[in-house]
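Report on the structure
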Amino acid sequence: MDIEGHKAVVREFDELGNGIGDLERLDELCTPDMVNHALAPGMPSGLEGTRQFLLRARRDIHPARWLETSVVAEGDLVVQFGRREMYWPGGPFRGVDLTAGTVARDVAFAYRLRGGRICERWAIRDDLAMIQQLRT
């Protein structure tokens, strides 16, 4: 698969994270042994943990969206960076009790693809910006 094909896979995966699309597509977009380095402690590893995260995030009710984004790719790597808006339902986050609300923060997602499917994923987020916006 070429670079534009890799970008298309990542864009479709990203739509799932934004609350758009069918989660059953995860099996086609990701390898069965996918490693998601961005999952919280205690979540199952790999594809199942990713599926559970997307279900728990309730993006169908509280969608996320990019305010601005850039996608770059080279070889088997794709990086998506920009400013992302999302709804936080309230509750503890990284040991801090946060109120419910909408936040915007800088985010970078990195993906490695194998055979045209995502086999690794990383997330780098400005969590401090989120905490500052929602701190009770």
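My aim in this report is to walk through the structure given alongside it, one point at a time. (Residues numbered from 1 in each chain as written. Predicted model: local features only at pLDDT ≥ 70, side-chain atom pairs only at ≥ 80, totals over all residues. Heavy atoms only, no water.)

Before going further, it helps to examine the environment of Gln52. On the secondary structure map, Gln52 appears in helix H3 (residues 46-56). The exposure class of Gln52 is partly exposed, given its relative accessible area of 22%. Counting along the chain gives 69 residues from Gln52 to Arg121, while the straight-line C-alpha distance between them is 15 Å. Non-local contacts of Gln52, meaning those with residues more than four positions away in its chain, are made with Met43 and Pro44. (Helix = DSSP H or I, 4+ residues; strand = E, 2+ residues; numbered from the N terminus. Buried < 20%, exposed > 50% of the residue type's maximum accessible area, 1.4 Å probe, protein only. Contact = heavy atoms within 4.5 Å.)

Here we come to a nonpolar patch on the surface. Side chains of Val72, Val79 and Phe81 sit close together on the surface and give an oily, nonpolar patch of about 260 Å² of accessible area. Relative to the helices and strands, Phe81 is located in strand S3 (residues 77-88). Overall, the relative accessible area of 47% leaves Phe81 in the partly exposed class. (Patch = residues over 30% accessible without salt bridge, like charges linked within 9 Å, V, L, I, M, F, W, Y side chains within 5 Å. Areas by Shrake-Rupley, 256 points an atom, 1.4 Å probe, with all protein chains shown as cover. Salt bridge = Lys/Arg side-chain N within 4 Å of Asp/Glu carboxyl O.)

On to the pattern of salt bridges, then. This structure, assessed with the given rule, holds twelve salt bridges. Between Asp14 and Arg84 there is a salt bridge; the shortest N-O distance is 3.9 Å. Of this pair, Asp14 sits in helix H1 (residues 3-17) while Arg84 sits in strand S3; the two residues are 70 residues apart in sequence, bridging distant segments of the chain. Side by side, Asp14 and Arg84 carry an identical accessibility label, which is buried. When the shortest N-O distance is used, the salt bridge between Asp33 and Arg114 registers 2.8 Å.

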